Structures are given as C-alpha cells and as structure tokens.
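# A look at the structure
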Amino acid sequence: MTDALLTRIAEALERLAPPRDASADWLAFPAYVWDGKAARGIDPLEAPALDLMQGIDKQKAAVVENVARLSRGAAAHDMLLWGARGMGKSALLRAATLAAQTSLPGSIALVQASPDAGLADLFAILRKIDRRFLVFLDDLGFDASDSDGARKLRSWLEGGVEARPANVRLAVTSNRRAIVERHLSEQDDPINPRDVVDDRLALADRFGLSLGFHNCTQDDYLAIIAGYAAHFGLAYEEGDALEWSKRRGGRSGRVAWQYVNELAGRAGRAL
C-alpha cells in the first residue's frame, strides 16, 4: 500500500471522526465561543452593570433570577428574549451570567454558538462537564425555507433524543417572538390556514421563559442616559440627547449608549 493511499485513508477517517475539542478547558473561563468543532475561552466576560440597564426592570429581574437558579443547580428555564433591536437582550444575558459568577464563582459559563454550528456535538461535550452552561444563540431567525433548522431547535428544547442536557439551558435572542418569519399569505391558505402559523409559534412555546423587549419611551431613553452620565461623571442636555435619537432614527438602549460614548468623546474621556 503506497504512502499516498495511506494518507488519503487517514484524511478520510479524520473527516469521519467526531469533532475534537482539544482547545477548551471547560472549567477555566467565564465564557466561550463554539464554532462547531472547538471552543475558544473568553476572559473577561464583558457586560454592563445591571443597575445601569434601565427601562427593562421586569425583564431584568426575570433573567437574573433564572440564570441564578441555573448557576445553583436548581430548576431553570430555557429563555427567549424577543423584541425591539438595541434594547439590551444580549447585554442582559451577559450581565446576568456575570452576576451569577460573582455570587458563585465557577458555577456557570456562557457559551455563544449558532444553531447550525454542531449543537448536538456541543451538548455531548457539556453533558460530561461538572458545571452549568447557558448556551446563547444571538439574533436568531429562520426564513420560511428553513423548517429543518426550526425543528432541530424545537427538538433540542424538548422531546428529542438529542435534547440539551440537564446542566445546560438555551438562551435565544430574536427580533420577533415567532422566530420563523410569517407572511400575510398564510392566512389565505384554503387548507388549514393556521397550521403553518401554529407550527412556527410552537417553537416559541417551548421556551419556559419568553420575555418581550419593546421600544423605549422618551422617559426611558432619558433615564438610561441619566444613569450612564451619573456613573461616568458626564454632563449632558436633554435637548441634545433627544436630537441625537432623532438623527439615529429612534430611541433604544443602544442609541442611548452611543450618545454617552459621544459625550465621553467630546470630553476627551475613555469609557
């Protein structure tokens, strides 16, 4: 048997082998990024202070409590955080995880992944680790043709043979509650017009905790800015803050933070 043939056989066996995870020490880092084959540790986990996150008090309390339960090994929910862009959904998950880590060091880690990046392999690895994990799928949405992706996620949440392990919970952020896009034409289907809609909403219903994030009111927007400005010792004028939001095309926590960053830049300060 030639060396070239042996090399081709070895390469073929390598392709058939399950993904290796040689890069990760699953007890060493507060957060990880999973690429489908390996994990990269992230340290430190960057997150805003919880008391600076204004205008989402009910959502904040629910997420913080749920993540704290998971970190203690108590029953906890999979979470769907849906709604307006820039209202702190992803930042809140990071901040809640950081708070749980501060309370119980080493108890929990955040793992950012995507639904098409080998979640079954990730779950198989995490199942064997004596630690709790919050697997984070950011800005999730399936188009109408990706029914397979939605069904896989639904199976991982509940009922499938590859369901996520007991020490893992899923946290998903999305701009819409249904996750899978919907069209008005669905209502015109003469045969079971609700079937498609119900199937797509069934995915959202698998999350034990589903929290909506809505656009900022003017008062909430100004309260967010006031909190940041006080924390960093920055002066501002309400009229200038409102003008900034008009130029940005709307009010949100993200727009408020961008304005605070602008204030710091004007003052020659770093944040």
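Residues numbered from 1 in each chain as written. Predicted model: local features only at pLDDT ≥ 70, side-chain atom pairs only at ≥ 80, totals over all residues. Heavy atoms only, no water.

Looking at an unreviewed UniProt entry, one finds the protein chain named DUF815 domain-containing protein and attributed to Novosphingobium jiangmenense.

For the rest of this paragraph, the subject is the overall build of the protein chain. Broken down by element type, the protein chain carries nine helices and seven strands. Looking at the protein chain residue by residue over its 271 residues, the buried ones come to 41%. In the protein chain, 68% of the contacts between residues at least 6 apart in sequence involve partners at least 24 apart. Accessible surface, the protein chain as shown: approximately 14,400 Å² in total, 50% of it carbon and sulfur. (Helix = DSSP H or I, 4+ residues; strand = E, 2+ residues; numbered from the N terminus. Buried < 20%, exposed > 50% of the residue type's maximum accessible area, 1.4 Å probe, protein only. Contact = heavy atoms within 4.5 Å. Areas by Shrake-Rupley, 256 points an atom, 1.4 Å probe, with all protein chains shown as cover.)

This part is about helix 4 (residues 119–126). If you check which residues of helix 4 are buried, you get L119, L122, F123, I125 and L126. Taken end-on, helix 4 shows its buried residues confined to a sector of 160°, consistent with a single buried face. (Arc of directions from axis to C-beta.)

Our next topic: the confidence of the model for the protein chain. Considering every residue of the protein chain, the mean pLDDT works out to 83; 73% of them sit at 70 or more. Per-residue pLDDT stays below 50 along residues 183–188; that stretch engages in nine contacts with residues further than four places along the chain or on separate chains. (pLDDT = per-residue confidence, 0-100.)

Attention now moves to the packing of helix 2 (residues 57–72) against helix 3 (residues 89–103). Following both chains from N to C, one finds helix 2 and helix 3 inclined at 45°, their axes separated by 9 Å at the closest point. Judged by the angle between their axes, helix 2 and helix 3 are oblique. Crossing geometry of helix 2 relative to helix 3 is assigned as right-handed. Of the residues in helix 3, those in contact with Q59, K60, V63, V64, V67, A68 and S71 of helix 2 are L92, L93, A96, T97 and A100. (Axes fitted to C-alpha atoms, helices over the stretch in contact; angles between N-to-C directions. Parallel < 35°, antiparallel > 145°, perpendicular 65-115°, else oblique. Left-handed = near helix turned anticlockwise from the far one by under 90°.)

Attention now goes to the side chain of K89. Its location among the elements puts K89 in helix 3. At 6.9 Å, D139 is the nearest oppositely charged side chain to K89, a buried residue that forms no salt bridge. For K89, the side chain forms a polar contact with the main-chain oxygen of G83, separated by 3.5 Å. In contact with K89, other than residues within four places in its own chain, are L81, W82, G83, A84, T173, S174, N175 and F213. (Lys, Arg positive; Asp, Glu negative; His and termini not counted. Salt bridge = Lys/Arg side-chain N within 4 Å of Asp/Glu carboxyl O. Polar contact = N/O pair within 3.5 Å; in protein donor to acceptor, adjacent residues only side chain to side chain.)

Per the counting criterion, the structure on display carries seven aromatic pairs. Judged by centre distance (5.6 Å) and plane angle (90°), the ring pair of W26 and F133 falls under edge-to-face. Placement of W26 in the loop between helix 1 (3–16) and strand 1 (31–34) and of F133 in strand 5 (residues 132–137) is noted, with a sequence separation of 107 residues between them. Assessed through its relative accessible area of 5%, W26 is described here as buried. Residue F133 is classed as buried on the basis of its relative accessible area, which comes to 0%. Ring centres of Y228 and F232 lie 6.4 Å apart, and the angle between their planes is 15°; on these two criteria the pair is classed as stacked. Placement of both Y228 and F232 in helix 7 (residues 218–232) is noted, with a separation of four residues, approximately one turn of the helix. Look at Y228 and you get buried, because its relative accessible area is 10%. (Phe/Tyr/Trp six-rings, centres within 6.5 Å; stacked < 30°, edge-to-face > 60°.)

Of all seven residues in strand 6 (residues 168–174), seven are buried; the element is thus mostly enclosed. Along strand 6, one buried face is formed by V168, L170, V172 and S174 and the opposite face, lined by R169, A171 and T173, is buried too. Pairing of strand 3 (residues 79–83) with strand 6, which is carried by four bridges, proceeds in the parallel orientation. Looking across to strand 6, one finds that W82 is bridged to S174. (Pairing = 2+ DSSP bridges.)

Right, let's talk about the environment of S71 for a bit. Looking at where S71 falls in the secondary structure, it is placed in helix 2. Looking at S71, the relative accessible area reads 4%, which means it is buried. Taking the C-alpha atoms as reference points, S71 and P105, separated by 34 residues in sequence, lie 9.4 Å from one another. Not counting chain neighbours up to four residues away, the residues in contact with S71 comprise A100, L104, S107, I108 and R132.

So, on to the sheet that holds strand 1. Adjacent strands of a sheet form backbone hydrogen bonds with each other and so pair up, either parallel or antiparallel. Strand order in the open sheet made by the seven strands is 2-1-4-5-6-3-7, with mixed pairing throughout. Edge positions in the sheet fall to strand 2 (39–42) and strand 7 (209–213), since each has one partner strand and no second. Ignoring which end each strand starts from, the neighbouring axes of this sheet average 20° apart. Note: strand 1 against strand 4 (residues 108–113), three bridges, orientation parallel. Of the residues in strand 4, the one forming a bridge with Y32 is V111. Helix 3 contacts strand 3, strand 4, strand 5, strand 6 and strand 7 of the sheet and is inclined by roughly 155° relative to strand 4. Of the strands in this sheet, strand 1, strand 4, strand 5 and strand 6 touch helix 4, which is tilted by about 165° from strand 5.

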